[in-house]
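Commentary on secondary and tertiary structure
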Amino acid sequence: MFRSVELQLKKRNLKFIKMELLTPAFIELNLKVKNKVEAISLLADKLDQRGCLVDKKKYLNDVLEREKLLTTYCGHHIAIPHAVSKAVKKVSFGFCRTANLEWDKNDEAVQFILILALPLKIREEDNNHIDLMSQIASLALEKEIREVWETAKTKEDISKTFY
């Protein structure tokens, strides 16, 4: 599965980032929230609790501002909210599975959320966030991966899909 993601990235001249270097900061199997803002807020809390952020309030604001620009819903019941922010201590992401959450009015209901926290870097060569976002999005769009996410009984089952 992962090899096909690597090939897709090479076709688009994107850098392949070894996912074993980046494991989910958290995995939630049954997130119960009422709306997108509540989901993003709760997931930002989880990133903060795991030491990924320096300023949770700023990160949350940055993610919500990014969300206003363009939806982070990417099809197949997946949303990838994210921010490149000074409020982020280290590159990190979290995964959650939820039950038919309305993300935006014109989109299908969301079942999977991958929240990304990407630090703002001074030097351009340090900004691999586009490559990373593309890699995670490519992985999320693999049908076999989504099937595992849908049926997984344990966090370990989900975690294995990232390496």
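To start, this report covers the structure provided alongside it. (Residues numbered from 1 in each chain as written. Predicted model: local features only at pLDDT ≥ 70, side-chain atom pairs only at ≥ 80, totals over all residues. Heavy atoms only, no water.)

A short note on the packing of aromatic side chains
- For the coordinates displayed, the defined rule picks out six aromatic pairs.
- Ring centres of Phe95 and Phe162 lie 6.2 Å apart, and the angle between their planes is 65 degrees; on these two criteria the pair is classed as edge-to-face. Of the two residues, Phe95 sits in strand β5 (residues 92–101) while Phe162 sits in the segment after α6 (155–159), which places them 67 residues apart along the sequence. For the residue pair Phe95 and Phe162, the accessibility class agrees, reading buried in each case.
- An aromatic cluster is built from Phe93, Phe95, Phe112, Trp149 and Phe162, whose rings are joined through pairwise contacts. (Phe/Tyr/Trp six-rings, centres within 6.5 Å; stacked < 30°, edge-to-face > 60°. Helix = DSSP H or I, 4+ residues; strand = E, 2+ residues; numbered from the N terminus. Buried < 20%, exposed > 50% of the residue type's maximum accessible area, 1.4 Å probe, protein only.)

Some details on the pattern of salt bridges
- Counted under the stated rule, the structure contains seven salt bridges.
- The closest approach of N and O atoms between Lys36 and Asp104, which form a salt bridge, is 2.9 Å. Within this pair, whereas Lys36 is found in helix α2 (residues 36–49), its partner Asp104 is found in the loop between β5 and β6 (110–119), the two being separated by 68 residues in sequence.
- Take Lys36: its relative accessible area is 14%, and that puts it in the buried class.
- Residue Lys105 is joined to Glu102 by a salt bridge in which the shortest nitrogen-to-oxygen separation is 3.4 Å.
- Exposure remark for Lys105: the relative accessible area of 72% places this residue in the exposed category. (Salt bridge = Lys/Arg side-chain N within 4 Å of Asp/Glu carboxyl O.)

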